[in-house]
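One-letter residues, chain by chain:
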Amino acid sequence: MAIHALAVYALSKTFGAKRAVEDATFAVTRGEIAGFLGPNGAGKTTVMNMIVGLTEPDAGEIELLGVRRGNRRRELRMLVGYLQEKPRIYPEMTARGYLRFFADLYGIVDSGSRVGEVIERVGLASAADRRLGNFSRGMQQRACLARVMLHRPELLILDEPTLGLDPNGIADMRAIFREMKAEGVTLLFSSHQLAEMERVCDSVVFMRRGRVLAAGRPAELLPPGVSTGSLAVELYEPAAHCLEHIAGLPEVEHVRQTAPHRVELVLGGRTACGRDARAQAARLFLRAGYTVLAIDAAAPSLEDVFISLTRPENPVRQEPAGLVH
């Protein structure tokens, strides 16, 4: 049975007449990167605030690193880091001074060395002695990420961590997430960028209108019988060589490269990904002079899953798969 870094059971919260979160249940396995998805107002930030203790739930239970929230100790809180959506800074401080201040609050031994490590890691070494008030939004976000990394948390919860970052900054953040995962850190982060999440997340949690629609690995979340309509084709030749040629064929609606020798193909009319569709695709590549090594239904993208889950005819799942009470 998987060991959870975080488990949320039937969590609910009401603000006045507004039901912000209702019976939210999901879990995040230790050592994985989990994406938290949903439109604005879905309840993601409220759930995150309840997980870290900034907001008290009306009902439900939270388990962090195997410990129920009611038994939470200071030692446990020191194993969790939380980056809120809006950067929390002291504008008159330099980045280095800001981080030294928090390192001292955390009681970090040799804080100067640790501050230097996290500054380097988030890409602020050249700006470490500039005032935070003169930083761009993206640079402030990097400084705040450095702050929540200072005490080497085992579980890191991040609310829109790439907000305000340019493409290079997003790529840097992605690399940091992967490095932390390799070190055994568990991450739960929210974002509106489905393509970005798809590149780093092992699992996802979908929320809408305060409820968890589904949680798990994307390939497991499509309702039975639903297909992406795409075919994954592995070629002997470099995929880049065939894109223009294949894209120009009348039978092809869309084609894109997904790996050096792999493409994802959608046939005209969104043909189902059965034997007939695979045979048709094989003939197309053969006629074009390319060697097909394998063809199968493409794994669903997060966009496929999200669109499928948010259709009116698909009910909310009360008990996401994989969570054992």
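A short tour of the structure in this document, coming up. The model shown is predicted, which means the values in this text are computed figures rather than measured ones.

So, how was this worked out
- Residues numbered from 1 in each chain as written.
- Predicted model: local features only at pLDDT ≥ 70, side-chain atom pairs only at ≥ 80, totals over all residues.
- Heavy atoms only, no water.
- Helix = DSSP H or I, 4+ residues; strand = E, 2+ residues; numbered from the N terminus.
- Buried < 20%, exposed > 50% of the residue type's maximum accessible area, 1.4 Å probe, protein only.
- Contact = heavy atoms within 4.5 Å.
- Patch = residues over 30% accessible without salt bridge, like charges linked within 9 Å, V, L, I, M, F, W, Y side chains within 5 Å.
- Areas by Shrake-Rupley, 256 points an atom, 1.4 Å probe, with all protein chains shown as cover.
- Salt bridge = Lys/Arg side-chain N within 4 Å of Asp/Glu carboxyl O.
- Expected span 1.5 Å × (residues − 1).
- Arc of directions from axis to C-beta.
- Pairing = 2+ DSSP bridges.
- Axes fitted to C-alpha atoms, helices over the stretch in contact; angles between N-to-C directions.

1. Concerning the overall build of the chain
Point 1. The helix and strand inventory of the chain stands at 11 helices and 14 strands.
Point 2. Looking at the chain residue by residue over its 325 residues, the buried ones come to 49%.
Point 3. Put simply, 69% of the contacts in the chain that link residues at least 6 apart link residues at least 24 apart.

2. Section: a nonpolar patch on the surface
Point 1. Residues Tyr 90, Phe 101 and Leu 105 make up a contiguous nonpolar surface patch of about 290 Å² in total accessible area.
Point 2. Positionally, Tyr 90 belongs in the loop between strand 6 (80–83) and helix 3 (95–106).

3. Focus: helix 6 (residues 167–182)
Point 1. With 16 residues, helix 6 ought to run about 22 Å at 1.5 Å a step, and its terminal C-alpha atoms sit 23 Å apart, in line with that.
Point 2. Among all positions of helix 6, only Gly 169, Ile 170, Met 173, Arg 174, Ile 176, Phe 177 and Met 180 are buried. Burial along helix 6 is one-sided: seen end-on, the buried residues are contained in an arc of 160°. Helix 6 presents Pro 167, Asn 168 and Ala 182 as exposed residues on the side facing more than 90 degrees away from its buried surface.
Point 3. Each element contacted by the buried residues of helix 6 is listed here: strand 3 (33–37), helix 4 (111–121), helix 5 (137–149), strand 7 (155–159), strand 8 (186–190) and helix 7 (194–200).

4. A word on the sheet that holds strand 8
Point 1. With mixed pairing, the six strands of this open sheet are ordered in space as 6-7-8-3-9-10. Both edges of this open sheet fall to strand 6 and strand 10 (211–216), since each of them pairs with a single strand only. Here the strands of the sheet are splayed against their neighbours by 15° on average, with no regard to which way each runs.
Point 2. Across five bridges, strand 9 (residues 203–208) lies against strand 10 in antiparallel orientation. Counted as the bridge partner of Phe 206 is Ala 214 from strand 10.
Point 3. Sitting on the sheet, helix 1 (residues 44–52) is in contact with strand 3, strand 6, strand 7, strand 8 and strand 9, with an inclination near 150° to strand 7.
Point 4. Sheet strands in contact with helix 6 are strand 3, strand 7 and strand 8, and its direction is about 150° off that of strand 8.

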